[in-house]
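Fold and geometry: a report
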There are 2 protein chains.
Amino acid sequence: MEATEKKVARLATPGLRPGGRSARVQASVHAAVQALLAEHDRAELSVPQVAALAGVTPSTIYRRWGDLNELLADVAVERLRPETEPADTGGLRSDLESWLEQYREEMSSEPGRAMLRDVLASLGSAIGAAQCCAFSRQQLAVIAARAKTRGDVVPDLDAMVEVCLAPILYGILFDATIMDEGFVRRLVDRLLTPAP
Amino acid sequence: MEATEKKVARLATPGLRPGGRSARVQASVHAAVQALLAEHDRAELSVPQVAALAGVTPSTIYRRWGDLNELLADVAVERLRPETEPADTGGLRSDLESWLEQYREEMSSEPGRAMLRDVLASLGSAIGAAQCCAFSRQQLAVIAARAKTRGDVVPDLDAMVEVCLAPILYGILFDATIMDEGFVRRLVDRLLTPAP
DNA sequence: TGCGCAAAAGCAATTTTTTTGCGTTAGCGC
DNA sequence: GCGCTAACGCAAAAAAATTGCTTTTGCGCA
């Protein structure tokens, strides 16, 4: 199979003009994947099927994305990109609780979990996962920056990720039982309660 | 494809006598996967290939595991099962640091990361992931129990998972850059430093 | 604006993988 | 020992993936 260099398919949006054919193909393939994912189960999803709905030939998809996993990961990363800034609720603690709770809820859903798995499963895992964790990090950075302008003492960004984000993802991916009612609130407490 | 019930393949060790044919098949297939995984890249790994090395027909594998992902997940869970108890280094803090550091190291390796991804990628993700997180939890429980017999104050098991284990897995799966030199020590500090 | 180059897509033949029906084997209870 | 049935092997058929070659088309440049 000599897979090594073949698998390094171009991920995410390539540097193409928005009117170009490649861009059109990419858009229509992405749309097709999302459409199929919305109604059918992911187990019954094949490259030829996507190709047919997208109006391209399967070989186009194979050449461009390598395989179904890469394509799904590519689509997932797109959908993981945040569309709005975290809501401003007036304080660091509530900003955090609100954003984390929303994140937890979205990612706990079956579509959310599927996207996370797709991102992690791809061979270009490193790229995709890094990308999608950069998104969350950036959202947290916005919250932190806002708090700083208010004059609050703001924890380190790494601490925010380690103390609050990581346990949520652990809960989603490995063990949902740890996420009881006050889970997110407890995490934020742990972050904001200063160690003596 | 009517995948819904087909995909619910039997996972993990079925209730079979160790001398039975199924058990022999399972063992030889597992061994074949590990052997192939050890030398070839996972991209160039196919069911027929595994079947050939294991001395079974591909259809046996398809019927029993469903597809390559499920098989890989099954094998990964087996390999994730801890073989020894956590080392007794004389104190809770050092026990934790030692075990977590070893865990981090093992799972950060390419084989380790691949196993985690395999477990998460399978459709029976819930089962596999829960299983493998139960392993870690149990190891931590052993450490906690030992500390209790010493009369130490022992943190909640959930806290140990959230504060120490989750960030390590986050680092492995999403963002290795957070895991600098004193990473594990810092996590254990965070766990054992009592909040006032 | 038009020309040519190269990247990307289409097409079709080939190969490989996956699925499935049916006969056979072998483990397990009686 | 004697069936009964779950699990396996075999082989044919279907589906998916790969690949060589042709065609299209976007882009840079004169």
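Remember, it's a predicted structure, so these values are computed and weren't measured experimentally.

Focus: the UniProt feature "DNA-binding region" (unreviewed entry) in chain A
Residues annotated by UniProt as "DNA-binding region" (unreviewed entry) correspond here to residues 46-65 of chain A. This span, residues 46-65 of chain A, is 80% helix and 0% strand, and a straight line between its end C-alpha atoms measures 13 Å.

Concerning the interface of chain A and chain B
Each partner contributes residues to the interface: chain A has 41 residues there, and chain B has 42 residues. Buried area between chain A and chain B, both sides added, is near 3,300 Å², and the carbon and sulfur share of it is 68%. Across the contact surface, chain A and chain B share 5 salt bridges. Here Arg137 of chain A and Asp175 of chain B are joined by a salt bridge, their closest N and O atoms 4.0 Å apart. Those elements that provide at least two residues to the side of chain A that touches chain B are helix H7 (110-121), helix H8 (125-149), helix H9 (157-173) and helix H10 (183-192) of chain A. It is H9 of chain A that provides the largest number of residues to the side of chain A that touches chain B, a total of 11 residues. Residues that form the side of chain A that touches chain B fall into these classes: 27 nonpolar, 3 polar and 11 charged.

A look at the packing of aromatic side chains
All names here are of chain A. Under the criterion given, the structure shown has 4 aromatic pairs over all chains. Here Trp99 and Tyr103 contribute two aromatic rings whose centre-to-centre distance is 5.2 Å and whose plane-to-plane angle is 25 degrees, an arrangement assigned as stacked. Here Trp99 pairs with Tyr103, and both are found in helix H6 (residues 92-108), just 4 residues apart, close to one helical turn.

Quick notes on the pattern of salt bridges
One pass over the full model with this rule turns up 25 salt bridges over all chains. Linking Glu162 of chain A and Arg186 of chain B is a salt bridge whose minimum nitrogen-to-oxygen distance equals 2.9 Å. In this pair, Glu162 of chain A sits in helix H9 while Arg186 of chain B sits in helix H10 (residues 183-192), so the two residues belong to two different chains. The partner of Arg186 of chain A in a salt bridge is Asp180 of chain A, and the shortest N-O contact between them spans 3.3 Å. Residue Asp180 of chain A is classed as partly exposed on the basis of its relative accessible area, which comes to 44%. Connected via shared salt-bridge partners are Asp88, Asp95, Arg146 and Arg150 of chain A.

What counts, and where the lines are drawn
Residues numbered from 1 in each chain as written. Chains lettered and ligands numbered in written order. Predicted model: local features only at pLDDT ≥ 70, side-chain atom pairs only at ≥ 80, totals over all residues. Heavy atoms only, no water. UniProt positions renumbered as here; feature names shortened; annotations may be inferred. Helix = DSSP H or I, 4+ residues; strand = E, 2+ residues; numbered from the N terminus. Contact = heavy atoms within 4.5 Å. Buried area = accessible area lost by both parts, 1.4 Å probe. Salt bridge = Lys/Arg side-chain N within 4 Å of Asp/Glu carboxyl O. Nonpolar A, V, L, I, M, F, W, Y, C, P; charged D, E, K, R; others polar. Phe/Tyr/Trp six-rings, centres within 6.5 Å; stacked < 30°, edge-to-face > 60°. Buried < 20%, exposed > 50% of the residue type's maximum accessible area, 1.4 Å probe, protein only.

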